[in-house]
Amino acid sequence: MHSSEPTGAPPAALLAAVESQLAGSTDPAGSELFLLRLRRWWPDLHDGLAAAYGPRAEETAVRLLRLAAAAYADREPDLKRLDLVRSLEPDWFQQPAMTGYAAYAERFAGTLAGVAERVGYLAELGIRYLHLMPLLRPRDGDSDGGYAVADYRDVRADLGTVDDLRALARTLRESGISLVLDLVLNHVAREHAWAAAARAGEPRYRNYFHVYPDRELPAAYERTLPEVFPDFAPGNFSWDDDLDGWVWTTFNSFQWDVNWANPDVFVEYADILLFLANAGVEVVRLDAIAFLWKRLGTDCQNQPEVHAITQALHALTRIACPALLFKAEAIVGPADLVHYLGQGPHYGKVSDLAYHNSLMVQIWSMLAAGDVRLAAHALGHLPPAPSTTAWITYVRGHDDIGWAVDDRDAAAVGLSGAAHRAFLSDYYAGQFPGSAARGLVFQANPATGDRRISGTSASLAGIEAGDDRGVPRVLLAHALTFGWGGIPVIWSGDELAMPNDPHWAEEPGHQADNRWTHRPRLTGADLDRRADLTCPAGQVFAGLRALISARARVPHLDASVGSEIGPLADPGILPVLRRHPLGAMLGLYNVTDGWRPYPAWRLGELGIGDPWDALADAAVRSGDDGNLWLAPYQAMWIV
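Computed from a predicted structure; not experimentally measured.

**Q** Help me understand the overall build of the chain, please; the structure alone is not making it clear to me.
**A** When you go through the chain residue by residue, the secondary structure sums to 23 helices and 25 strands. The C-alpha radius of gyration of the chain comes to 25 Å, within 12% of the 26 Å expected for a compact globule of 639 residues. Over its C-alpha atoms, taken along the principal directions, the chain stretches across nearly 75 × 55 × 50 Å. Looking at the chain as a whole, 60% of its 639 residues qualify as buried. For the chain, the distance from the average site of its 54 positive side-chain charges to the average site of its 79 negative ones is 2 Å.

Here you go:
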């Protein structure tokens, strides 16, 4: 398609096609708005498609915009209104009042209807963002916790129906809570309709996957590919008799990687995104996004085309349903992490949110070592995130914890990366002298020495073992995530100091995966314990409510402002500086079990006069020696 339109404008023929599709609309103002958005976001859409698909970019764009126009026409009036509200307040998700909660629907409340009944509980805690783990219909049997999707347009039968999902989204929306769902991008279940058609011999769908007739190319790829699940799913390719070939399976043999080099795959997923947005989903977690593009001789992660694809998808949703946000699930090395929020030509054009995996790892590292120097170096050398985006900060998630400590960061502070990672595994498995942690080793790899850890925050911090320092450790860890900026997310059960589930292996399909130990089921009795301030459940719940309330009152924690590491004065205190237009904020975090000093004169040097601790809601006073003294595991937000 060629045009004499100015650079950056949609081709005239494409505009004419979209205008024709919208011509019968009963909402001419809405049609005009759609076309205005198309003109605004066309350069990002076109450039992303061109980088991934070259000469097929414009034909793909035509198909996509037809889908987008149809989805916009079908969008419910209240969702169109939400689009307008969010367009007028594009920083809605960056505001300090945003706090998230993540859970498996069935383990939190049984069904989608049950989740709706517990919205009051979430509101009591102060939640504005609810991430429900995979609930689209997976394959039967082992489904990798729901990440082997058999149908993206259906809901697990035990949870309810698509209508129940729409109703829950509406209930949450009316309560000021945004619904977050997973979209698995890298792979589908072997039982998915695309895979079934490929196994039936349909060439179109065989091209949706990476299929090889023999081991020559798979063996060449394997030379540079890591293994995600070396214990129970070694290798990255699986033989399939029906395909008569080797299919790429990064995760499990029943999870087939899709071929994103095929633009037909892009169009399929774009249609699914629009479907979820029209169901009321406000944030889509782009699962396993780092793996989408395959390139021989690399680890097939973080390839440039991944960011081009995300940019094009992002632009398409800005045209049809701009209330929808993207959250990148990229558990990658620190140097690669910020690219999922946009760097270089993709700055601010890809995902709106990304997981700050490095912060999570360094929090647990500091608590084990009682020393902040590695964290200060590693976190202090991350590139700044675009000001229009936000980190997802968290103490832990649904997954195991992998010790993503960069060898260069460790060496810079006089440590061995391998030795420190081994120490962390020993410490959190309770194998290090003096450790009160009760984590479980997950996927030990003798070849690499990698030993990841499963466990709830309460079990990792020592609460399960009865250590009286456990509650302060859990609250300090959360204070760090709340004080970093972005959207802090609490994992279900952590707000009630729930320990590891000792019966995790008794449920069918869970026996080989000890991550289920930190995915507890919440009963009514568990929730009732939040009112008992004599037990860890009540103490942690009250502490988190206080953190959420305090955070909402501190404008310095708006996510548009980046965090930087302030001047170190004591190896036990992490100083985190935020330079807001209203003035500086200094977060101080004592990661040790002893009292620690921080020089008060630093506050004046940073421009903080008349210092006030926004956490304690009290004036900051120095001691006679000129120091601020922080109690064991104390946090301060000084403004």
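**Q** Looking at this model, I keep getting lost on the pairing of strand β15 (residues 440–445). Mind explaining?
**A** A regular strand carries its side chains on alternate faces of the sheet. Note: β15 against strand β16 (residues 450–454), 4 bridges, orientation antiparallel. Looking across to β16, one finds that V441 is bridged to I453. Hairpin connection of β15 to β16: 4 residues between the antiparallel strands, including G449 at a positive phi of 80°.

**Q** Explain unusual backbone geometry here, please?
**A** Leaving glycine aside, a negative phi is the common case for residues, and trans is the common case for peptide bonds. You will see that D610, though not glycine, has its phi angle at about 50°, which is positive. The topology assignment puts D610 in the loop between α23 (601–605) and β22 (612–613). A positive phi angle, near 60°, is found at Y633, a position not held by glycine. Tracing the backbone shows Y633 in the loop between β24 (627–630) and β25 (635–638).

**Q** Can you help me understand the sheet that holds strand β8 (residues 237–240) in this one?
**A** Within a sheet, neighbouring strands are paired by backbone hydrogen bonds and run either parallel or antiparallel to one another. Read across the open sheet, the 3 strands follow the order β7-β9-β8; overall the sheet is antiparallel. Every other strand in the sheet has two partners, leaving β7 (211–212) and β8 as the edge strands with one partner each. Inspection of the sheet shows β8 paired to strand β9 (residues 245–248) by 4 bridges, in the antiparallel sense. Counted as the bridge partner of F237 is W248 from β9.

**Q** What am I meant to see in the pattern of salt bridges here?
**A** Two side chains carrying opposite charge are able to pair once their charged atoms lie near each other. Tallying each qualifying case throughout the model produces 44 salt bridges. Close ionic contact of D593 with R469 constitutes a salt bridge, the shortest N to O distance being 2.9 Å. Taken as a pair, D593 in the loop between β20 (583–590) and β21 (596–599) and R469 in the loop between α19 (457–461) and α20 (470–483) lie far apart in primary sequence, 124 residues in all. Judged by relative accessible area, which is 46%, D593 ranks as partly exposed. When its relative accessible area of 29% is taken as the criterion, R469 is described as partly exposed. One salt bridge in this structure joins E564 and R579, with 3.1 Å as the shortest N-O distance. Pair noted here: E564 is in strand β18 (residues 563–565) and R579 is in strand β19 (residues 573–580), with a separation of 15 residues, a long-range link. Looking at E564, the relative accessible area reads 32%, which means it is partly exposed. Salt bridges sharing common partners tie together R56, E59, R63, R204 and D264.

**Q** I would appreciate a short explanation of the side chain of T317 in the present structure.
**A** Mapping T317 onto the fold places it in helix α13 (residues 304–320). T317 has contacts with L273, P322, L324 and F326, leaving out every residue within four places of it along the chain.

**Q** For this particular structure, what's the right way to read helix α22 (residues 536–552)?
**A** Every α-helix carries 3.6 residues per turn, so stepping three or four residues along brings you back to the same face. Taking 1.5 Å as the rise per residue, α22 with 17 residues should run 24 Å; its terminal C-alpha atoms sit 24 Å apart, in good agreement. In this structure, the buried side of α22 is in contact with α7 (119–125), α20, β17 (487–491) and β25.

**Q** For this particular structure, what's the right way to read the confidence of the model for the chain?
**A** Close inspection of predicted coordinates is inappropriate in any region flagged by low pLDDT. Per-residue pLDDT for the chain has a mean of 94; in total, 98% of the residues score no lower than 70. Confidence drops under a pLDDT of 50 for residues 1–7, and excluding neighbours within four residues, the segment shows 10 contacts in the predicted structure.

**Q** Quick question: what am I supposed to make of the packing of helix α1 (residues 12–22) against helix α2 (residues 28–53) here?
**A** A pair of packed helices can be characterised by two numbers: the angle between their axes and the separation between those axes. Where α1 contacts α2, the axes come no closer than 10 Å and their chain directions differ by 155°. When the axis of α1 is compared with that of α2, the two are roughly antiparallel. The handedness of the crossing between α1 and α2 comes out as right-handed. Between α1 and α2, the residues in contact are L14, L15, V18, E19 and L22 and S31, F34, L35, L38, R39 and W42, respectively. Here the residues of the contact of α1 with α2 sort into 8 nonpolar, 1 polar and 2 charged.

**Q** In this structure, what is going on with the environment of R295? I would like to understand it.
**A** The topology assignment puts R295 in the loop between β11 (283–287) and α13. Residues R295 and Y221, spaced 74 residues apart in sequence, show a C-alpha to C-alpha distance of 8.2 Å. Looking at R295, its side chain comes within polar contact range of the side chain of E305, at 2.6 Å.

**Q** So what exactly am I meant to see when it comes to the packing of aromatic side chains here?
**A** To describe a pair of aromatic rings, you give the distance between the ring centres and the angle between the ring planes. Under the defined criterion, the tally for this structure stands at 30 aromatic pairs. An angle of 25° between the planes, with centres 5.0 Å apart, marks the rings of W260 and Y269 as stacked. Given the relative accessible area of 0%, W260 is considered buried. One aromatic cluster is present, built from ring pairs that chain together Y53, Y152, W194, Y205, Y208, W260, F266 and Y269. The ring of W516 carries R519 above its face, with NZ or CZ at 4.4 Å from the centroid.

**Q** What is the right way to read the nonpolar core from this model?
**A** Within soluble globular proteins, side chains that are nonpolar tend to cluster in buried spots. If you look at the biggest cluster of nonpolar residues, it comprises 197 residues, and the most contacted ones within it are Y101, F209, W260, Y269 and Y428. Examining the composition of this core, we find that 11 residues originate from one element, helix α12 (residues 263–278), more than from any other. Residues contacting W260, with those up to four places away along its chain left out, are Y53, L185, V265, F266, Y269, L292, W293, I309 and L313. With 15 residues, the next largest nonpolar core counts A584, L588, V620 and L628 among its residues.

Quick notes on the rules
Residues numbered from 1 in each chain as written. Predicted model: local features only at pLDDT ≥ 70, side-chain atom pairs only at ≥ 80, totals over all residues. Heavy atoms only, no water. Helix = DSSP H or I, 4+ residues; strand = E, 2+ residues; numbered from the N terminus. Rg over C-alpha atoms; globule rule 2.2 N^0.38 Å. Buried < 20%, exposed > 50% of the residue type's maximum accessible area, 1.4 Å probe, protein only. Lys, Arg positive; Asp, Glu negative; His and termini not counted. Charge placed at Lys NZ, Arg CZ, Asp CG, Glu CD. Pairing = 2+ DSSP bridges. Salt bridge = Lys/Arg side-chain N within 4 Å of Asp/Glu carboxyl O. Contact = heavy atoms within 4.5 Å. Expected span 1.5 Å × (residues − 1). pLDDT = per-residue confidence, 0-100. Axes fitted to C-alpha atoms, helices over the stretch in contact; angles between N-to-C directions. Parallel < 35°, antiparallel > 145°, perpendicular 65-115°, else oblique. Left-handed = near helix turned anticlockwise from the far one by under 90°. Nonpolar A, V, L, I, M, F, W, Y, C, P; charged D, E, K, R; others polar. Polar contact = N/O pair within 3.5 Å; in protein donor to acceptor, adjacent residues only side chain to side chain. Phe/Tyr/Trp six-rings, centres within 6.5 Å; stacked < 30°, edge-to-face > 60°. Lys NZ or Arg CZ within 6 Å of the ring centre and 35° of its normal. Core = buried A, V, L, I, M, F, W, Y, C linked by side-chain atoms within 4.5 Å.

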